[in-house]
Amino acid sequence: LVPVFMEEVSMRSFSFWWKICRPHHCVAAGLGAWIAVLLSDGHEWWSTVKLGAAFSLCLGCLGASIYHYGAANVMYARKYWDRVDVESPALLACVGAFFLLLSVAVALITLPHAATLVVVYNLVSVVCYAKFLAKHWTTKNLVISGVCVSPILVGWLSGHRLHPAVPYGIITIFFGYWAREIIKDIDDLEANNGIRVTLPMRIGIPWAWRIAGGFASVSVLSLVALGPVIAR
């Protein structure tokens, strides 16, 4: 079967920017941080710290997405199932970097030092990921899983206590995203060929599926264990 490429979308179109901004992911990141702060410091629904955590993580997710589409434009142009042709990679990298820096600025103004360090970690990780961390499986999926769990970490570190649900949330999200990234690498074998060395390339597709399934199982088990904790 010959792959059917998606219709090219101009950078000047709304659909292009909607796709690379991933607004649903940004909202999820901000909401996750807000819920984690609420669990760790539930004295009031709205506060500077709660809003700051949500806004900072939302901006960070937005910046990370835009930056990566610019920095990894060659790989996205080769994806037969999710093709994105970027006309000006440098422009996207600059716009993404702006939002990443803005997320750090919001964290510096509103969040405790420990939470701010996590936001800074996200910025450094996203930039380094695009430059070299994504090129090998030993760092690729682990780094992204760490970034994806950061809303919960920021929320926890922005509060005054560790809610018993937080560790389960961290495990669920971390291993869930790790499994997701491995599965995406299986789908992206052709797109990554010659650019990256991914886990499926190293150990083969069957073993990559097994490892992804194992990580997904850990994520599901942690989610199941989370239920009784929340119900208390």
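See the structure above.
Residues numbered from 1 in each chain as written. Predicted model: local features only at pLDDT ≥ 70, side-chain atom pairs only at ≥ 80, totals over all residues. Heavy atoms only, no water.

## Details of the layout of surface pockets
Here the largest pocket defines a volume of roughly 1,100 Å³. If you trace the largest pocket, you find 48 residues lining it, with Cys 61, Ile 144, Val 147, Cys 148 and Tyr 177 closest to the centre. With ten residues, helix H9 (residues 165–187) is the largest single contributor of residues to the lining of the largest pocket. Here the lining of the largest pocket is built from residues that sort into 26 nonpolar, 13 polar and nine charged. (1 Å grid on protein atoms, 1.4 Å probe; cavity = no way out; pocket = protein on both sides within 12 Å on 5 of 7 lines; lining within 4 Å. Points joined across faces, edges and corners; volume = space filled by probe spheres on them. Helix = DSSP H or I, 4+ residues; strand = E, 2+ residues; numbered from the N terminus. Nonpolar A, V, L, I, M, F, W, Y, C, P; charged D, E, K, R; others polar.)

## Concerning the state of the cysteines
Following the criterion strictly, the structure yields zero disulfides and no others. Left unpaired, Cys 148 is separated from the closest cysteine sulfur, that of Cys 61, by 7.9 Å. A relative accessible area of 23% means that Cys 148 is categorised as partly exposed. (Disulfide = S-S within 2.5 Å. Buried < 20%, exposed > 50% of the residue type's maximum accessible area, 1.4 Å probe, protein only.)

## Things to note about a nonpolar patch on the surface
Among the surface-exposed residues, Trp 45, Trp 46 and Leu 51 lie close enough to one another that they form a single nonpolar patch of about 410 Å² accessible area. Tracing the backbone shows Trp 45 in the loop between helix H2 (23–40) and helix H3 (48–71). (Patch = residues over 30% accessible without salt bridge, like charges linked within 9 Å, V, L, I, M, F, W, Y side chains within 5 Å. Areas by Shrake-Rupley, 256 points an atom, 1.4 Å probe, with all protein chains shown as cover. Salt bridge = Lys/Arg side-chain N within 4 Å of Asp/Glu carboxyl O.)

## Details of the nonpolar core
Generally speaking, nonpolar side chains in soluble globular proteins are found buried as a group. Counting residues in each nonpolar core, the largest one holds 19 residues, and the members touching the most others are Ala 53, Leu 57, Tyr 67, Leu 100, Leu 111, Val 119 and Val 154. The set of elements that each furnish at least two residues to this core consists of H2, H3, helix H5 (89–110) and helix H6 (113–131). Here this core gets six residues from one element, more than from any other, and that element is H6. Discounting chain neighbours no more than four positions away, the residues touching Leu 57 are Ala 29, Gly 30, Ala 33, Val 119, Asn 122, Ser 150, Pro 151 and Val 154. Membership of the second largest hydrophobic core comes to 14 residues, among which are Ile 20, Ile 66, Leu 92 and Ala 191. (Core = buried A, V, L, I, M, F, W, Y, C linked by side-chain atoms within 4.5 Å. Contact = heavy atoms within 4.5 Å.)

## Quick notes on unusual backbone geometry
One non-glycine residue with positive phi stands out, namely Arg 22, at about 50°. Position of Arg 22 relative to the elements: it lies in the loop between helix H1 (14–21) and H2.

## Brief notes about the packing of H5 against H6
It is at 9 Å that the axes of H5 and H6 come closest, and there the two elements cross at 170°. With respect to their mutual orientation, H5 and H6 come out roughly antiparallel. For the pair H5 and H6, the contacting residues are Leu 100, Leu 101, Ser 103, Val 104, Ala 107 and Leu 108 in the first and Thr 116, Val 119, Val 120, Leu 123 and Val 126 in the second. Looking at side-chain class alone, the contact of H5 with H6 contains nine nonpolar, two polar and no charged residues. (Axes fitted to C-alpha atoms, helices over the stretch in contact; angles between N-to-C directions. Parallel < 35°, antiparallel > 145°, perpendicular 65-115°, else oblique.)

## Remarks on H3
Owing to its 3.6 residues per turn, the α-helix aligns residues three or four sequence positions apart on the same side. The end-to-end C-alpha distance of H3 is 33 Å, a good match for the 34 Å that 24 residues give at a rise of 1.5 Å each. The buried fraction of H3 is high, at 17 of 24 residues. (Expected span 1.5 Å × (residues − 1).)

## Considerations on the packing of aromatic side chains
Taken as a whole and assessed by the stated rule, the structure comprises nine aromatic pairs. Between the aromatic rings of Phe 16 and Trp 17, the centroid separation amounts to 5.7 Å while the plane-to-plane angle is 85°, which identifies the pairing as edge-to-face. The exposure class assigned to Phe 16 is buried, which follows from its relative accessible area of 3%. Given a relative accessible area of 26%, Trp 17 falls into the partly exposed group. Seen in terms of ring centroids, Phe 98 and Phe 99 are 5.3 Å apart; in terms of plane orientation they differ by 70°. Their pairing is edge-to-face. Three or more aromatic residues link up through ring pairs in this structure, and these residues are Phe 174, Phe 175, Trp 178 and Phe 215. Stacked on the ring of Trp 207, the Lys or Arg Arg 210 has its end atom at 4.7 Å from the ring centre. (Phe/Tyr/Trp six-rings, centres within 6.5 Å; stacked < 30°, edge-to-face > 60°. Lys NZ or Arg CZ within 6 Å of the ring centre and 35° of its normal.)

## Digging into the environment of Val 86
For Val 86, the position within the fold is in the loop between helix H4 (73–77) and H5. Placed 19 residues apart in sequence, Val 86 and Tyr 67 show a C-alpha to C-alpha distance of 12 Å.

## Examining the pattern of salt bridges
Here the structure, examined in full by the defined rule, presents three salt bridges. In this structure, the salt-bridge partner of Lys 140 is Glu 181, at a minimum N-O distance of 3.9 Å. Highlighted residues: Lys 140 in helix H7 (residues 137–148) and Glu 181 in helix H9, separated in sequence by 41 residues. Each of the two residues, Lys 140 as well as Glu 181, counts as buried.

Shape descriptors only; they carry no functional weight alone.
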